[in-house]
Amino acid sequence: MTKPVGLTKNNTWQYGIRRTVPMPFHQVWNFLFSKKGLSLWARHANTQFSTYIDRSHIRTKWQLPGWSQPVILQLRVLAGNQKTTIAIHVEKMLHQQQREEARKYWETTLLYIQNALKTQVE
């Protein structure tokens, strides 16, 4: 029997998504941690980050409305050759429905971020 996608060996759920933008790393990082950038992705996050590694990644608690408890959010920014990848990983979700809600939320949120970054360049 195959284990469902996202189910961990500890019987919690996880979800990850990455999006790459054709922009320099420093510009993406600075935007994500600007007032506008934070307003796009950190609405449901504890901004007293449990981990903050400058120019690398953060870890914090994150909780969508209606959820009974927070989960762990990791946001990582990865430099490439003339491009930058934004990676989101959410873990410790209780069930598959939370995973699906996280998937929808982060797919939409990363589109908003990509569009906002695009308008910065234009």
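Everything that follows concerns the structure shown earlier in this document.
Residues numbered from 1 in each chain as written. Predicted model: local features only at pLDDT ≥ 70, side-chain atom pairs only at ≥ 80, totals over all residues. Heavy atoms only, no water.

Participant: Explanation requested: the overall build of the protein chain in the structure shown.
Facilitator: When helices and strands are tallied, the protein chain shows three helices and five strands. Across the protein chain, helices and strands are ordered from the amino to the carboxyl terminus as β-α-α-β-β-β-β-α. Against the compact-globule benchmark of 14 Å for 122 residues, the protein chain has a radius of gyration of 15 Å, which places it among compact chains. The principal-axis extents of the C-alpha atoms in the protein chain amount to approximately 45 × 30 × 25 Å. A buried classification covers 42% of the 122 residues belonging to the protein chain. The contacts in the protein chain between residues at least 6 apart in sequence include a share of 58% that link residues at least 24 apart. (Helix = DSSP H or I, 4+ residues; strand = E, 2+ residues; numbered from the N terminus. Rg over C-alpha atoms; globule rule 2.2 N^0.38 Å. Buried < 20%, exposed > 50% of the residue type's maximum accessible area, 1.4 Å probe, protein only. Contact = heavy atoms within 4.5 Å.)

Participant: Got a minute to help me understand the packing of aromatic side chains in this structure?
Facilitator: We describe a pair of aromatic rings using the distance from one ring centre to the other and the angle between the two ring planes. On inspection of all chains with the given rule, the structure shows twelve aromatic pairs. Among the aromatic residues, ring-to-ring pairing joins Phe25, Trp29, Phe33, Trp41, Phe49 and Tyr52 into one connected group. (Phe/Tyr/Trp six-rings, centres within 6.5 Å; stacked < 30°, edge-to-face > 60°.)

Participant: Can you help me understand the environment of Leu75 in this one?
Facilitator: Position of Leu75 among the secondary structure elements: in strand E4 (residues 71-79). Taking relative accessible area as the criterion, Leu75 reaches 0% and is therefore assigned buried. The spacing of Leu75 and Val90 is 15 residues in sequence and 8.8 Å in space, taken between C-alpha atoms. Filtering out sequence-adjacent residues up to four positions away, Leu75 remains in contact with Leu32, Phe33, Trp41, Ser56, His57, Ile58, Ala87 and Ile88.

Participant: Please clarify how unusual backbone geometry should be interpreted in this entry.
Facilitator: Residues apart from glycine generally show negative phi values, whereas peptide bonds are mostly found in trans. Notably, Asn11 is not glycine yet its phi reads approximately 60°, a positive angle. By secondary structure assignment, the location of Asn11 is in the segment before strand E1 (13-21).

Participant: Hey, could you run me through the pattern of salt bridges in this one?
Facilitator: Side chains bearing opposite charge may pair, as long as their charged atoms lie close to each other. Under the definition given, this model contains three salt bridges. Among the salt bridges present, the one from Glu100 reaches Arg103, with a minimum N-O distance of 2.4 Å. Here Arg103 and Glu100 lie together in helix H3 (residues 96-121), a separation of three residues that amounts to about one turn. Of the residues examined, Arg103 reaches a relative accessible area of 23% and is grouped as partly exposed. (Salt bridge = Lys/Arg side-chain N within 4 Å of Asp/Glu carboxyl O.)

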